[in-house]
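Chain residues, written in single-letter form:
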Amino acid sequence: VSSVGGMVDSFEARVGLRGPFLNTKRPSQLRLDVKNNTLESQVAGEYKLLEGCDGALGSLHRRYMSGGEVFLFLDPSRTGRGENDSYVIARYHYRLSCNESRDFILRFPPGWRPSKDNETVKCSFFPHQPVPGSGMRVAVESCILSSISRPLTSVDSCSFATSIIKCIVPIDHGATGSMVLVDRKTGMRLNIGPDWISLDLKRARSTMQSLSWFTQRLELPELVQVWTVCEAPKDPCNKCAPPLPRNVWVRRLKQRGKNMVETVIPMEDPVDAARFEHDVKAAPQPFLVDLRRHGAEDKIEFRISVNLASLYHQVHSLLPFHKEAGRTQFTWRVTTFDPSADLETSVERLIRAPQDYTLRSNRGEPSANQPPHIKLPLRPEQLRSLQWMIQREAADPSINPPFTEEEVVEGSLRDIGWRVEGRLERKVQVRGGIVADQVGYGKTALALGLIDHAASLRASSSSSRRNEDGPPGPPTLIDGRIQCHATLIIVPAHLMKQWPRELEKFLGKRYNTLVVNSLTNLMKAKISDILACDIIICSVNVPKGPKYLMNMAQFAGVAHRLPLKGRLFSVVYREKIEAMKARAERFVSGEPDSLKQIYEEILHDWNHEDHIVMDTRTKQQVYKGKTTDLPDAGGVDDDDEDEVEDDDQDDTDDETPKSGKRKHVGKGKGKTSASKKDDAMRDIWNLKTARKWRDVIGAPLELFHFDRIIIDEFTFVQDVAVKRMVLIEGLASSNRWCMSATPDRSHFDKIQKGMACWVHSHLGVDDLQLTNDDMNAEMLLYFRTTHSQAWHARRKGVAQSFLDLCVRQNMPELDEIPLVEHMVEVTLSPAERLIYLELDHYLQSLDMKWKRSKRKKQQKDKDEGDDEDDEVVEEPEQDEGDAKKGKKKGTKSDREVRQQAVLQSSLSGQEALLKCCSFSDGTSLDDLVRIRGEQMLKCVAELQRIIRQARANHTSLLASNTEYQEESKAPISQLHFEVWNNQVSKANTGSGPSSRPRGDVDEEETTSGRGTGDGIGDVEAATQIREMLKLVMAEKVERVTVPRSADKLEKFREDMKTEVTELRKLVKELVSRVRSQRFIRYVCELHAAPSASRRCRACNKDVPVSDQAVFSCCGHSGCMSCLAKSAEMQECLEPGCGMLCRAASVASASSLISNKKNEAVTGSKVQQVLGMLHSIPESEFVVLFVQFPDLVLHVQQALNDGGFPSVALKGTALQMGKQLDTFLDSTGTKDQPRLLILEMGNEKSSGLNLTKANHVIFFHSLHEDDPQRYKANEEQAIGRIKRYGQLLTCHLWRFLATGTIDEEIYQ
């Protein structure tokens, strides 16, 4: 063994062990030379250390060879001393189970470890060659291999398997005369006789490994390595693919605030769950391995078979139903793979590396003719895109090629390295696609051109689809819905005025258009009005609103409210859709009095009482029957105009407050169940008075089958379950288009859930991941389902083929519009820098995490309708009894209050830091010194008060209670006050070294400090506390009355214990304040004498300012190198300071010095933005982007106060429309706004045409984990002004706070 690579840190040194392991090294690469011709080809070669991979003590080495990989690693035993463990060379390195042994090629002697020295080692090897009389061995050269002679073309039943390979192996069984295989793991004995014996591949892994001496030498026949078409069985099989257990919906009561709330949760039916678990575990395996004795000779017959029927049944259960799908085709094959390399599949599934997906453009493709009625001609590149869209809507497969959907299931024989794959394919006609053209390309004009082209074709092929002179003909039902030739355009609420303006600009008033801003507009429209429309422009907030969903549920035949989120919404909404189809067939049947009968059915369902039974086992109310029979869990009775409010208004779950009578959640808080029944009896659809079904008003959009649906900016509703369900499954059309300039294509799941499902395409089953919503059955599937790297790679190919067929992204030619970028560096004031560093180092000490408690999300649009509750920091409330007694739990410092405020409104530490460096409350450095000095005095006064009170109680009890007196005479006193007093009185004052080594740390001292041995951990604070204690103890004691009864005396002693606990808390608080004041004092000294040198306590040298640094956590300073060494040891360089210092707590002196003399009232960044705004010409307008909603309000107020009027886009669709008009109609005079504030990364910042402005300001860097989303959001923001129609030079302004996370994110 020789070392041929460089030396790296040993495992012990990497994990931080000291003593003999400090700075120890090991070779990064080894070379093995074997003095054995038999083993030379298997073992000899160079082995590279994979120190970050699997293997005990990071010992895994890998050698590449033509037949696979060979590994060198430490193979420890489960018991015994570590020095007795040996290194081995083997073909696999996974961890062994209990009682399982490893088949190695070579084993090193116990205690041998790699070193830099060249050495000769005598090893033992496993004999794979036949040795007579030494047990069961095989002569490999005499094996007889046979395989199938023709491809398999059909499968019959999953109870039978098809043999793909057989071999006859001669066995030398010695003198015993019997053939027995013993599983080394289970101890099971297999007597090999004339009948076939099937190996349980789940439990007999060791048996397969014991046969590896010939199975690994088997060659897979080429005949089965190619895809072979099979005639698959027609009937599904619950044995191979058992269905998930049925869910029972259970209502639970829980306390929320002062009210009891009801929530409906799913629970698996126990009978179905037991059946499911049994069927999953008993499902047929894809591979079968059989053994039997071959005749009377000393040979065994070995057979490997594949269960093709089971593969088909499994893959068939994964492919969802599609009405446009063609005939399916099932194919299969068997391939080889490397088991050791495939072990990393689970890591790949959990940690997804970004994948390289590409989008095609229409460059070089044919162009379409100009739409006949377009007013503004489309550009040549737009005509090419239009031609592609026209072809995508064709029903002819020769013009619109179908997309091939596929699902693949696989099974493996890991010990041999074989994998069987079953693939099910079908061709699906996808009419529509994803228009992903870049910002400014003109996607709106493309959509209007497509509508005009399709309308002209329909008009030319038919005289008219509407007959104005005679009565309309009978309606056509498509898939149970009323056919409507209109195009339904779903747009974000803030674009509800822009789309009608663009429609009039390009097509005038030629087409009959219905604009649905709110539910009120829809409720006024008759069915005849909708059928007569050519274009319907609808806000995205209308079909997902709570009142709309309530009306839709009533109209479908069930009056109870739909839940607004979760698994229950999906189940109930699908049932409502099916009921809606049945309603449509009766609706248009033309039967007399059918409308009145439908209304009577709605009333009957509304007043119908569900049968509720109490489950005696769970003590919960369980609802039997269909989920549509669930009782109403409270409705949202919003006003019609508020139907389009932000999604935080709709973020209610299936809960009902219970305080006496049932109340309904929402704005209509005063409405009872009776009043809601009255609402239904008002006949909001005119069913009782309408003469014809076309006169019914307020029909849900789910009732119709539109000719085309266009969803604008669809990427901003990806994570909202209600919107996705309604827009994808609820609304039906012949053609479906989605438009967004920034679709996410970073991972397969993003393409599957973010693009393909929107046009009803299936790319593959979701890669299972654990979520909080998962049922037990789904968790069972998660842990039993594993996928290979080949499976993931194939999915990537399917996703890319979908993108090539159904997605186009074109770049606008906007080079003639210049864009000038300005970088403005903002220097924080001393107080801002100090506050930022305190928050930064606090979060770094917590690894950017902190304790959080549940609350509803406050962000209105960032995560609209998200099902999960968010978390914020909450302070514990003071007990009411303690407040009455005058007991305090300590006072909050201004630092804590400020940090709590910013953390409470933030979803992450990065967000909190961005807010901290972007906006300030105007606190100056002098204010901080004054405020914290006052808080220090209050803390000292409170500590003195508690000491006096605790001393009085202790002295009074000691004088009157004999039992207490006996306890005080013990050798080691256990009286709480005396223990605390003795500890504090012996505090280290800095006159000598620390009272105990730095490494000896109590768990409770890690936050307050260590080194003084008293729980204080700070010399200055300990001196101050000891002097204060002497003064208090010298005062005269005021006796108190000690209770005599046992109960009251016990309560008295508990109060004394609580007082000592409060003393410890106040001491820690005082220590924290002393350290904070020391840090501020150092910053003040720096600004008073910025060029003065200071002496380092560690190296005793005078250090210039450029080399000075300070610990922000304790305020001790020194030279940068000494502080860095101390931070590496996680301790302070000051003797007696026990603060746990980290590298993140080191602040250089130069970073704390600021040239600013005056503190800005609203922060340095706001002041520089105001200066820039006042410097631009009065005729130019500005768009400012801020990411966080609460920061938007602060910035808007600060800019208004600074004399620059602004408008922030927020509120309902009506309100946002008015705000946008105010900005667009502004002339730039003194009182009219020239600045529009938008939220970056939000749907409100997308789609707007703001060529009126020519300045874009990024107030801070965008906090986005995904680099692709970061780039996409910036492109969206810049694209608001840099687009066709812009006549001025565009300017991009970035304001970055230097030395903060703001600058780090941008870099």
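Residues numbered from 1 in each chain as written. Predicted model: local features only at pLDDT ≥ 70, side-chain atom pairs only at ≥ 80, totals over all residues. Heavy atoms only, no water.

A.B. asks: So what about the sheet that holds strand S22 (residues 329-336)? Which residues, and what values?
C.D. replies: An order of S17-S22-S24-S23 is seen for the four strands of this open sheet, with the pairing classed as antiparallel. Strands at the two margins of the open sheet, each flanked by one partner only, are strand S17 (228-230) and strand S23 (403-413). Each strand of the sheet is rotated relative to its neighbour by a mean of 25°, with strand direction disregarded. In the packing of helix H6 (residues 308-318) onto the sheet, contacts are made with S17, S22, S23 and strand S24 (418-428), and the angle to S23 comes to roughly 135°. Those strands touched by helix H21 (residues 789-806) are S22, S23 and S24, and its axis lies near 175° from that of S23. (Pairing = 2+ DSSP bridges. Helix = DSSP H or I, 4+ residues; strand = E, 2+ residues; numbered from the N terminus. Axes fitted to C-alpha atoms, helices over the stretch in contact; angles between N-to-C directions. Contact = heavy atoms within 4.5 Å.)

A.B. asks: Any chance you could break down the pattern of salt bridges for me, citing the residues and the numbers?
C.D. replies: All told, the structure shown has 46 salt bridges when counted by the stated rule. The residue Arg14 makes a salt bridge to Glu51 at a minimum N-O spacing of 3.9 Å. Of this pair, Arg14 sits in helix H1 (residues 11-14) while Glu51 sits in the loop between strand S5 (45-49) and strand S6 (61-65), and the two are 37 residues apart along the sequence. For Glu51, a relative accessible area of 30% puts it in the partly exposed group. One salt-bridge network, held together by shared partners, links Arg333, Glu410, Arg419, Glu421 and Arg794. (Salt bridge = Lys/Arg side-chain N within 4 Å of Asp/Glu carboxyl O. Buried < 20%, exposed > 50% of the residue type's maximum accessible area, 1.4 Å probe, protein only.)

A.B. asks: I'd like a rundown of the side chain of Gln1187, residues and numbers included.
C.D. replies: With respect to the helices and strands, the residue Gln1187 is situated in the loop between strand S45 (1182-1186) and helix H34 (1189-1201). Classification of Gln1187 as buried rests on a relative accessible area of 5%. In this structure the side chain of Gln1187 is engaged in a polar contact, spanning 2.8 Å, whose partner is the backbone nitrogen of His1263. (Polar contact = N/O pair within 3.5 Å; in protein donor to acceptor, adjacent residues only side chain to side chain.)

A.B. asks: Describe the nonpolar core, listing the residues and the values that go with them.
C.D. replies: If you look at soluble globular proteins, the nonpolar side chains tend to sit buried side by side. Counting residues in hydrophobic clusters, the biggest one holds 78 residues, and the most contacted among them are Phe587, Leu703, Phe704 and Phe802. Setting aside anything within four residues of it in sequence, one finds Phe704 in contact with Arg481, Ile482, Cys484, Ile527, Ile530, Leu531, Ala699 and Ala732. In terms of nonpolar packing, the next biggest core, distinct from the first, is built from 57 residues, Ile374, Met389, Ile390 and Tyr511 among them. (Core = buried A, V, L, I, M, F, W, Y, C linked by side-chain atoms within 4.5 Å.)

A.B. asks: Break down the packing of aromatic side chains for me, with residues and values.
C.D. replies: Evaluated as defined, the whole model comprises eleven aromatic pairs. A connected cluster of aromatic rings, assembled from ring pairs, spans Tyr87, Phe108 and Trp112. Just above the ring of Phe104 sits the side chain of Arg107; from NZ or CZ to the centre is 4.7 Å. Geometry around Tyr357 places Lys796 over its ring, the cationic atom sitting 6.0 Å from the centre. (Phe/Tyr/Trp six-rings, centres within 6.5 Å; stacked < 30°, edge-to-face > 60°. Lys NZ or Arg CZ within 6 Å of the ring centre and 35° of its normal.)

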